[in-house]
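Here's the letter readout for the chains.
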Amino acid sequence: MTRRALGGTPAVPCARVLSLFGEHAAGWLLLGAGGWLVGRRRREWATAAAGVLLAHGSAVGVKRVVRRVRPVLDAVPALVATPSRLSFPSAHAASTAAAAYGYGPLLGRRLLTTALGAMAVSRVLLGVHWPTDVLAGALLGRGVAAGVRWTAARRDAR
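Sequence order sets the numbering: in each chain, residues are counted from 1 along the sequence as written. It should be noted that, the model being predicted, local features are given only for residues of pLDDT at least 70 and side-chain atom pairs only at 80 or more, the latter also being counted only at that level, while totals for whole chains, interfaces and linings use all residues. The basis for the side-chain values is all heavy atoms of the structure; hydrogens and waters are excluded.

**Q** Report on the pattern of salt bridges, specifying residues and quantitative values.
**A** A pair is scored as a salt bridge if a Lys or Arg side-chain nitrogen falls within 4 Å of a carboxyl oxygen belonging to Asp or Glu. Enumeration according to the criterion identifies four salt bridges in this entry. Here R43 makes a salt bridge to D156, at a shortest N to O gap of 3.2 Å. Taken together, the residues R43 in helix α4 (residues 42-66) and D156 in helix α7 (residues 131-157) connect sequence positions 113 residues apart. Note on classification: 1.4 Å probe, protein chains only; a residue is buried when its accessible area is under 20% of the maximum for its type, exposed when over 50%, partly exposed between these limits. Judged by relative accessible area, which is 38%, D156 ranks as partly exposed. Members of the salt-bridge network, linked through shared partners, are R43, R155 and D156. Under the scheme used here, helices are H or I runs from DSSP no shorter than 4 residues and strands are E runs no shorter than 2 residues, and both carry numbers assigned from the N terminus.

Listed below in structure tokens is the structure:
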């Protein structure tokens with residue numbers, strides 16, 4: 001349904017760009033490094049980037065346990081290559097949700113919530129995830145990022 005609605009629009013090239021940006025959380029980690037290098041609110045940037053990294057790693061770990069295979073639909077072939085055949089949860093959604101939670105206070109929650117929505121739709125549009133993969137990834141990423149922030153705040157309070 002997503003492909004039928006958006007397949008012939010500029011959404012597909014945009015989704016491919018998002019896919020590349022989110023691969024191995026690289027774009028989000030580079031954003032965090034750039035924020036840290038600017039020198040303002042370094043601890044917050046570092047904490048947010050740690051949340052992104054741990055969310056991505058957590059999603060990859062869960063994938064290896066669950067072992068759900070990516071969609072293989074003749075009518076909706078994948079439009080990008082993926083590093084593995086494993087689908088659940090979406091590591092792109094996990095790292096993006098962690099970025100939205102961690103970088104939101106630094107860059108604007110609305111902007112990063114929009115990025116999360118775009119990333120989530122893009123994974124389904126590109127034919128590499130089921131909607132439940134994306135939802136689970138987003139929940140996992142948000143939870144990991146919140147845990148990292150909570151841990152950092154406790155550490156700072158000592």
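**Q** Report on the side chain of T47, specifying residues and quantitative values.
**A** With respect to the helices and strands, the residue T47 is situated in helix α4. A relative accessible area of 17% means that T47 is categorised as buried. From its side chain, T47 meets the backbone oxygen of R43 in a polar contact 2.9 Å long. Residues adjacent in sequence count toward polar contacts only when both atoms are side-chain atoms; beyond that, a polar contact is any pair of N or O atoms within 3.5 Å, and within protein one must be able to donate a hydrogen and the other to accept it.

**Q** Tell me what's going on with the packing of aromatic side chains, and back it up with residues and numbers.
**A** Two aromatic rings, drawn from Phe, Tyr or Trp (for Trp, its six-membered ring), form a pair once their centres lie within 6.5 Å of each other, and the interplanar angle then sorts them: stacked below 30 degrees, edge-to-face above 60, tilted otherwise. Enumeration according to the criterion identifies two aromatic pairs in this entry. Taking 4.8 Å as the distance between ring centres and 90° as the angle between the ring planes, the aromatic pair formed by F21 and W28 counts as edge-to-face. Look at F21 and you get partly exposed, because its relative accessible area is 33%. On the numbers, 5.3 Å between centres and 40° between planes, the contact of W45 with Y103 is tilted. Of the two residues, W45 sits in helix α4 while Y103 sits in helix α5 (residues 91-107), which places them 58 residues apart along the sequence. In terms of burial, W45 and Y103 fall into one category: buried. One Lys or Arg, R42, reaches over the ring of W36 and ends 4.0 Å from the middle of that ring. Consider the ring centre and the ring normal. A charge sits over the ring if Lys NZ or Arg CZ is within 6 Å of that centre and within 35 degrees of that normal.

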